[in-house]
Amino acid sequence: ISMFWSFAMLAMIFLIFGLVFVQGCSFYLSEHGDWLLTQQPANHEMLLESFGSVQVAMMSLFKTATGADWSDYFDLLVLIGNMYGVAFISFIGFYQIAVINILTGLF
């Protein structure tokens, strides 16, 4: 049963950070979407593919937490604001240090 609650805690962490990043992405695209679409269409497409919905954002965070190259996601989030880059680094640090240690100690 402790494994269930551990996965529930991980899902909540992914959900909270996913919501933050989707909100930032949607705000940025509403303000600068036309410029980004005409000047940098690849970044526009990557933002929508990586943080276009909460489910997709959670999957992107899961990829980064399980070993995918997170520098591409970081570059995208810094594009929408430095605060989101700091939040992303905080997520990576929190996940790698705290959560992995807790789960390792639990089992």
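The coordinates are above.
Everything quoted here is computed from the prediction, not taken from an experiment.

(A) Molecular detail of the overall build of the protein chain. Counting its secondary structure elements, the protein chain contains five helices and zero strands. Traced from its N-terminal end to its C-terminal end, the protein chain shows the element sequence α-α-α-α-α. With the C-alpha coordinates aligned to their principal axes, the bounding extent of the protein chain is approximately 50 × 20 × 20 Å. The 107 residues of the protein chain split such that 35% are buried. A fraction of 64% describes how many contacts in the protein chain between residues 6 or more apart in sequence connect residues 24 or more apart. A total accessible area of about 6400 Å² is found for the protein chain, and carbon and sulfur atoms account for 68% of it.

(B) Representation of the nonpolar core. Ranked by size, the top nonpolar core spans 27 residues in total, and within it Phe21, Leu47 and Phe91 carry the most contacts. Counting only elements with at least two residues in this core, the list comes to α1 (2-39), α2 (41-51), α3 (54-65), α4 (71-80) and α5 (82-106). With ten residues, the top contributor of residues to this core is α1. In contact with Phe91, not counting residues within four places along its chain, are Ile13, Phe14, Phe17, Leu61, Thr64 and Ala65.

(C) Expanded view of the environment of His44. Topologically, His44 is positioned in helix α2. With relative accessibility at 14%, the residue His44 sits in the buried group. Beyond its immediate chain neighbours, meaning those up to four positions away, His44 contacts Leu29, Gly33, Leu36 and Leu37.

(D) Inspection of the packing of aromatic side chains at higher detail. Scanning the model with the defined rule gives twelve aromatic pairs in all. When the centroid spacing of 5.6 Å and the interplanar angle of 55° are considered together, the rings of Phe14 and Phe91 count as tilted. Here Phe14 is found in helix α1, whereas its partner Phe91 is found in helix α5, with 77 residues between them in sequence. With a relative accessible area of 8%, Phe14 lands in the buried category. Overall, the relative accessible area of 0% leaves Phe91 in the buried class.

(E) Main features of the packing of α1 against α4. Between α1 and α4, the shortest axis-to-axis distance is 9 Å and the interhelical angle comes to 70°. When the interaxial angle is binned, α1 and α4 end up roughly perpendicular. Note that α1 runs across α4; the crossing there is left-handed. Here Phe21, Gly24, Cys25, Tyr28 and Leu36 of α1 lie close against α4, whose contacting residues are Leu77, Leu79 and Ile80. When its residues are assigned to classes, the contact of α1 with α4 shows seven nonpolar, one polar and no charged.

(F) Structural view of the packing of α1 against α2. At a minimum axis separation of 9 Å, α1 and α2 run at an interaxial angle of 160°. In terms of their interaxial angle, α1 and α2 are classed as roughly antiparallel. Pair α1 / α2 crosses with left-handed handedness. Of the residues in α2, those in contact with Phe21, Val22, Cys25, Tyr28, Leu29, Gly33, Leu36, Leu37, Thr38 and Gln39 of α1 are Pro41, Asn43, His44, Leu47, Leu48 and Phe51. A class-by-class count of the residues in the contact of α1 with α2 yields eleven nonpolar, five polar and no charged.

Reading the values: rules and limits
- Residues numbered from 1 in each chain as written.
- Predicted model: local features only at pLDDT ≥ 70, side-chain atom pairs only at ≥ 80, totals over all residues.
- Heavy atoms only, no water.
- Helix = DSSP H or I, 4+ residues; strand = E, 2+ residues; numbered from the N terminus.
- Buried < 20%, exposed > 50% of the residue type's maximum accessible area, 1.4 Å probe, protein only.
- Contact = heavy atoms within 4.5 Å.
- Areas by Shrake-Rupley, 256 points an atom, 1.4 Å probe, with all protein chains shown as cover.
- Core = buried A, V, L, I, M, F, W, Y, C linked by side-chain atoms within 4.5 Å.
- Phe/Tyr/Trp six-rings, centres within 6.5 Å; stacked < 30°, edge-to-face > 60°.
- Axes fitted to C-alpha atoms, helices over the stretch in contact; angles between N-to-C directions.
- Parallel < 35°, antiparallel > 145°, perpendicular 65-115°, else oblique.
- Left-handed = near helix turned anticlockwise from the far one by under 90°.
- Nonpolar A, V, L, I, M, F, W, Y, C, P; charged D, E, K, R; others polar.

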